[in-house]
Structure formats: C-alpha cells, structure tokens
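# Coordinates in review
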Amino acid sequence: MNGELEGIYVHSKDNLDDRGLLRHRTMLLKLMGGIKSRVKHLLYNNGVPYPEEFVQKNKHWSRKFISWL
C-alpha cells in the first residue's frame, strides 16, 4: 500500500526449459572439448603421428578424422 513493493517477473515453463537446454548444451560442449584434448594428448604421448591430411587445425574432428581414429 505504501508503494514499497515491486512486482517480479516469473519465467514461463517453456522459457525455463529452453534455458535449461542451453545450459546442458554448453556443459556438453565443454566436456567434449576436454575429451578431445585428452584423446589428442594420448596420441601425442604414444607417438602416434597424424596423417598429413589432418595436420591443419580445422581438419581435426571431421568425420574422416574420427574414422581414422
């Protein structure tokens, strides 16, 4: 009654679900990056050289590279 209270916004269920999905996607992308890093480190430590076609940075983790693994 004094005007001291302010209204709040309550997110809809769809909005909360979308935000949760994006959080999970971000978490999975970070996990995938770590796993890829571990695989490359394992290859390096065991002296497994990359074929010439995968030496370029943007060629890693293509379907062809994964088939080679």
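Our subject is the structure listed above.
About the thresholds
- Residues numbered from 1 in each chain as written.
- Predicted model: local features only at pLDDT ≥ 70, side-chain atom pairs only at ≥ 80, totals over all residues.
- Heavy atoms only, no water.
- Salt bridge = Lys/Arg side-chain N within 4 Å of Asp/Glu carboxyl O.
- Helix = DSSP H or I, 4+ residues; strand = E, 2+ residues; numbered from the N terminus.
- Buried < 20%, exposed > 50% of the residue type's maximum accessible area, 1.4 Å probe, protein only.
- Expected span 1.5 Å × (residues − 1).
- Contact = heavy atoms within 4.5 Å.

### Overview of the pattern of salt bridges
- Overall, the coordinates contain two salt bridges when judged by the stated rule.
- Across the pair D17 and K13 runs a salt bridge whose closest N-O atoms are separated by 3.4 Å. Remark: K13 and D17 occur in helix α1 (residues 13-45); sequence separation between them is four residues, near one turn of the helix.
- For E53, the salt bridge is made with K64, and the minimal N-O distance between the two is 3.4 Å. Linking E53 in the loop between α1 and α2 (63-68) with K64 in helix α2, this pair joins segments that are 11 residues apart in sequence.
- On the accessibility criterion, E53 (43% relative accessible area) is partly exposed.
- Among the residues examined, K64 registers a relative accessible area of 57% and is labelled exposed.

### Digging into the environment of L5
- Tracing the backbone shows L5 in the segment before α1.
- Accessibility expressed as a relative area gives 79% for L5, which makes it exposed.
- The spatial distance from the C-alpha of L5 to the C-alpha of K57 is 56 Å, given a sequence separation of 52 residues.

### Focus on α1
- With 33 residues, α1 extends 48 Å between its outermost C-alpha atoms, agreeing within 8% with the 48 Å of an ideal straight helix rising 1.5 Å per residue.
- Where α1 terminates, the next one or two residues include G47, which has phi positive at roughly 70 degrees.

### Focus on the environment of F65
- Locating F65 in the fold gives a position in helix α2.
- You can call F65 buried: its relative accessible area is 0%.
- Remark: the alpha-carbon pair of F65 and Y50, spanning 15 residues in sequence, is separated by 9.2 Å.
- For F65, the residues in contact, after removing those within four places along its chain, are Y50, F54, K59 and H60.

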